[in-house]
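# Structure at a glance
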Amino acid sequence: MIAHWLYRDQSHKLILFCNGWGMDHHPLAFLESGGHDVLVLSDYSALELPVDVDALSKEYQEINLIGWSFGVWAGSHLFGEWKGVFARRIGVNGTLRPIDDQFGIPLQYFEGTLDQFSVSVRDRFYRRMCRSEGAFEMFIKNKPRRRLEDQENELQELARLATDCELEDPFFDTVIVASRDYIVPTSHQLAFWQGRCPIVKIEGCHYPFTGWRTWAEIVALQN
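In this text the structure is predicted, and so the values were computed from the model without any measurement.

Cut-offs used in this document
Residues numbered from 1 in each chain as written. Predicted model: local features only at pLDDT ≥ 70, side-chain atom pairs only at ≥ 80, totals over all residues. Heavy atoms only, no water. Helix = DSSP H or I, 4+ residues; strand = E, 2+ residues; numbered from the N terminus. Rg over C-alpha atoms; globule rule 2.2 N^0.38 Å. Buried < 20%, exposed > 50% of the residue type's maximum accessible area, 1.4 Å probe, protein only. Contact = heavy atoms within 4.5 Å. Areas by Shrake-Rupley, 256 points an atom, 1.4 Å probe, with all protein chains shown as cover. Core = buried A, V, L, I, M, F, W, Y, C linked by side-chain atoms within 4.5 Å. Polar contact = N/O pair within 3.5 Å; in protein donor to acceptor, adjacent residues only side chain to side chain. Arc of directions from axis to C-beta. Salt bridge = Lys/Arg side-chain N within 4 Å of Asp/Glu carboxyl O. 1 Å grid on protein atoms, 1.4 Å probe; cavity = no way out; pocket = protein on both sides within 12 Å on 5 of 7 lines; lining within 4 Å. Points joined across faces, edges and corners; volume = space filled by probe spheres on them. Nonpolar A, V, L, I, M, F, W, Y, C, P; charged D, E, K, R; others polar.

Summing up its helical and strand segments, the protein has eight helices and seven strands in all. At 16 Å, the protein has a C-alpha radius of gyration in line with the 17 Å of a compact globule built from 223 residues. Dimensions of the protein along its principal axes, counting C-alpha atoms only, are 45 × 40 × 35 Å. When burial is assessed residue by residue, the protein has 55% of its 223 residues classed as buried. When contacts within the protein are restricted to residue pairs at least 6 apart in sequence, long-range pairs at least 24 apart make up 76% of them. Approximately 9,900 Å² of the protein is accessible, and the part contributed by carbon and sulfur atoms is 45%.

Right under this line is the structure:
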């Protein structure tokens with residue numbers, strides 16, 4: 001895994017962000033801190049924590065966790081034993097069954113992406129996740145700088161780890177679901193989280209971050 005500080009030594013409050021597949025910190029770089037230090041975790045080709053959670057809990061007065069896309073599933077696995085450390089645990093456009101015909105990315109779409117993975121397939125994925133006005137332009141301006149081989153390795157590992165996941169403690173105390181998600185279909189997210197966790201519905205696409213100016217706005221969202 002990769003850990004990158006977007007903001008550090010500016011606040012007594014920390015946001016730990018679990019990224020989506022194939023990402024790094026660049027697509028999030030335009031968000032202002034909003035009074036938080038921000039540590040971005042990416043690349044689940046090795047699902048091992050690159051940070052000392054106990055040390056961070058002593059350093060910061062408040063820690064919030066945000067998981068996006070595959071980071072929703074990864075965050076619940078990585079930080080399950082530290083659930084009580086976080087003031088808030090927020091999932092964005094993902095579920096705990098990330099590869100699933102009912103509750104996640106349809107298996108046929110996931111397998112097709114993996115089997116045919118290439119620059120053109122990756123670029124089509126980027127377009128598909130940015131189906132809101134201005135989202136694609138912002139994403140491309142700040143696109144990930146990961147090597148294609150790294151992204152493919154991560155996708156292969158996620159195929160191994162995140163298929164046929166058991167239903168479990170929802171872990172998150174709030175989930176944010178965008179109205180036009182064509183990666184993890186909006187209807188699949190709503191079906192999974194209904195009755196398990198408070199849902200905040202927003203207008204937007206799978207990559208929803210252009211709808212916010214600061215990290216504080218995401219943490220402040222309530223049902």
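Next comes the rest of the account.
Glancing now at the nonpolar core. F79, M129 and W215 are the most contacted members of the largest nonpolar core, which totals 75 residues. Discounting residues that sit within four places of it in the chain, F79 has contacts with L16, C18, L41, L49, V53, L65, F86 and F171.

With that settled, consider the side chain of N93. Take N93: it is sitting in the loop between β5 (88-92) and α3 (107-115). On the basis of relative accessibility, which here comes to 1%, the residue N93 falls in the buried class. A polar contact is formed between the side chain of N93 and the backbone oxygen of H206, at a distance of 3.1 Å. The contact partners of N93, leaving out residues within four places of it in the chain, are W68, S69, I176, V177, A178, D181, V184, Q189, C205, H206 and P208.

Attention now goes to helix α4 (residues 119-128). Side chains of residues three or four places apart in an α-helix project in the same direction, reflecting 3.6 residues per turn. Within α4, the full set of buried residues consists of V121, R122, F125 and Y126. Within α4, the buried residues cover an arc of 145° as seen down the axis, which keeps them to one side. Exposed positions of α4 whose direction lies more than 90 degrees from the buried face are R124 and R127.

To continue, consider α3. For α3, the set of buried residues is F110, T113 and L114. Projected down its long axis, α3 carries its buried residues within an arc of 95°, all on one side. The outward face of α3, more than 90 degrees from its buried face, is lined by the exposed residues Q108 and D115.

Two side chains with opposite charge may pair up if their charged atoms get near one another. Enumeration over the complete set of coordinates arrives at eleven salt bridges. Here R88 and D173 are joined by a salt bridge, their closest N and O atoms 3.9 Å apart. In this pair, R88 sits in strand β5 while D173 sits in the loop between α6 (148-161) and β6 (174-180), placing the two residues 85 residues apart along the sequence. Exposure remark for D173: the relative accessible area of 23% places this residue in the partly exposed category. R160 is paired through a salt bridge with E157; the nearest N and O atoms lie 2.5 Å apart. Within this pair, R160 and its partner E157 are both found in helix α6, separated by three residues, close to a single helical turn.

Under the criterion given, the structure shown has two cavities of 30 Å³ or more. Of the voids in this model, the largest cavity is the one considered here, and its volume is about 100 Å³. Partitioning the lining of the largest cavity into residue classes produces eight nonpolar, two polar and no charged. For the second largest cavity, the calculated volume is near 30 Å³.

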